Amino acid sequence: MEEFIEALKAENAALNLRAAELRDQNKADEAVFTTVRANVYDICATVCRAHLKNGTPSAIGGIFARFQDEWSAALESAKTRDNARKICIEEEKLEALADVRARFALTGCGK
Amino acid sequence: MNRESAIRVFKCLSDASRLNILRALRGGEAYGELLAERLGLSASTLSFHMKKLEEAGLVTSCKEQYYTVYTLNESLLRTQISEMIREDSPAEEDAAREREDAYRRKVLEAFFDGERLKSIPVQRKKKLIILQKIAESIEPGKVYDEKEISGIIERFHPDYCTLRRDMISEGILKREKGKYVKVNP
């Protein structure tokens, strides 16, 4: 589990670096989308760390599922309103979350 | 081209990815999927950029079965910058002023209940309108102590500390040695 959290932290750091590069390249909007993606790894690492500390790692899967539901609903809402910026942001969040959930499944903690 | 349209174009062009898209379209119309692949962008990111370019009038799109084809708006691209930055005509200026006034009235109606401020807006543009309205009760050039200035602001909203601080940061009030002066009438 510690290794999993460290991997999320590493992904967050790498994406923040990428966002800085994009800003330097005058790609401000893509930098924002990348920062959003980076934040998902940070949030998930924080959730995992808290549940590990409380001795409740089995609850993590449920939290991730709740994120999935909320962000999927936000994406649908953005599509209904044809809000291209919000669509990008919600898609970034969901893609990063899918990656986190796939890695989490490998830890065996969700069972 | 009016001022708003020119600003939209310049804002749109101040992004390297959108310039890359325009460069790619100089070779001729292209499908969204093809552009995304060629420029290394995800479908949703390309779609976001294309929407901005379309809103600025720099490209047009049309649906062909399942695909969207994008084309450059050559006539806008040939517009000279000198033409884009020319002064608005008096009629355009009047229209812009009317729009600003209408927006100001709408914000004041939404946030004020009589003389009381219902809540402090989060958006800076709206907050500035609110602060300017409150500042109408402060005499320009007159020196107020903190109790006096807080009392005036408190008549509008109980969180006078936040509003007072915002008025300073927006350059409406100036604080010096505990005294306050309205500097931006």
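K.L.:
Break down the sheet that holds strand β6 (residues 143–145) of chain B for me, citing the residues and quoting the values.
P.N.:
Residues and elements named next belong to chain B. Strands sit in the order β6-β8-β7 across an open sheet of 3 strands; the sheet is antiparallel. Looking at which strands have only one partner, the edges of the open sheet turn out to be β6 and β7 (173–176). With direction set aside, neighbouring strand axes in the sheet form an average angle of 30 degrees. Set on the sheet, helix α9 (residues 146–154) makes contact with β6, β7 and β8 (179–182); between it and β6 the angle comes to about 90 degrees. Against the sheet, helix α10 (residues 160–169) engages β7 and β8, with an angle of about 100 degrees to β7.

K.L.:
Which residues make up the pattern of salt bridges, and what are the values?
P.N.:
All told, the structure shown has 23 salt bridges over all chains when counted by the stated rule. Across the pair Arg103(A) and Asp99(A) runs a salt bridge, and its minimum N-O distance is 3.3 Å. Here the residue Arg103(A) and the residue Asp99(A) both occupy positions in helix α4 (residues 84–107), the gap between them amounting to 4 residues, near one helical turn. The class for Asp99(A) is partly exposed, based on a relative accessible area of 25%. Between Lys133(B) and Glu136(B) there is a salt bridge; the shortest N-O distance is 3.8 Å. Relative accessible area serves as the criterion here: at 26%, Lys133(B) is assigned to the partly exposed category. When its relative accessible area of 52% is taken as the criterion, Glu136(B) is described as exposed.

K.L.:
I'd love a proper account of the side chain of Asp166(B), names of residues and values included.
P.N.:
Position of Asp166(B) relative to the elements: it lies in helix α10. Among all residues touching Asp166(B), those that are not within four sequence positions of it are Lys127(B) and Leu131(B).

K.L.:
Before we move on, can you summarise the interface of chain B and chain A with the specific residues and values?
P.N.:
It is common to report an interface's size as the accessible area lost on association of the parts. With 12 residues of chain B at the contact, the number on the chain A side is 13 residues. When chain B packs against chain A, close to 960 Å² is buried across both sides, 50% of that on carbon and sulfur atoms. Of all residues in chain B, Ser44(B), Phe48(B) and Lys51(B) give up the largest surface area on contact with chain A, accounting jointly for 49% of the area buried on that side. Remark: the boundary between chain B and chain A carries 2 salt bridges. Among the ionic pairs, Arg18(B) bridges to Asp29(A), the shortest N-O distance being 2.9 Å. Applying the counting rule to chain B against chain A returns 6 residue pairs in polar contact (both at pLDDT 80 or more). Going through the elements one at a time, α2 (16–25) and α4 (43–55) of chain B are the ones with two or more residues in the side of chain B that touches chain A. Grouping the constituent residues of the side of chain B that touches chain A by class yields 3 nonpolar, 6 polar and 3 charged.

K.L.:
Give a detailed account of the packing of aromatic side chains, specifying residues and quantitative values.
P.N.:
The full count for this structure, using the stated rule, is 7 aromatic pairs over all chains. Ring centres 5.2 Å apart and planes at 80 degrees place the aromatic pair Phe33(A) and Phe48(B) in the edge-to-face group. With one member in each of two chains, Phe33(A) in helix α2 (residues 28–53) and Phe48(B) in helix α4 form a pair that bridges those chains. Accessibility classification places Phe33(A) together with Phe48(B) in one group, the buried group. The interplanar angle of 10 degrees and the centroid separation of 5.0 Å between the aromatic rings of Phe67(A) and Trp71(A) together place this pair among those described as stacked. Highlighted residues: Phe67(A) and Trp71(A), both in helix α3 (residues 60–80), separated by 4 residues, approximately one helical turn.

Definitions and limits used
Residues numbered from 1 in each chain as written. Chains lettered and ligands numbered in written order. Predicted model: local features only at pLDDT ≥ 70, side-chain atom pairs only at ≥ 80, totals over all residues. Heavy atoms only, no water. Pairing = 2+ DSSP bridges. Helix = DSSP H or I, 4+ residues; strand = E, 2+ residues; numbered from the N terminus. Axes fitted to C-alpha atoms, helices over the stretch in contact; angles between N-to-C directions. Contact = heavy atoms within 4.5 Å. Salt bridge = Lys/Arg side-chain N within 4 Å of Asp/Glu carboxyl O. Buried < 20%, exposed > 50% of the residue type's maximum accessible area, 1.4 Å probe, protein only. Buried area = accessible area lost by both parts, 1.4 Å probe. Polar contact = N/O pair within 3.5 Å; in protein donor to acceptor, adjacent residues only side chain to side chain. Nonpolar A, V, L, I, M, F, W, Y, C, P; charged D, E, K, R; others polar. Phe/Tyr/Trp six-rings, centres within 6.5 Å; stacked < 30°, edge-to-face > 60°.

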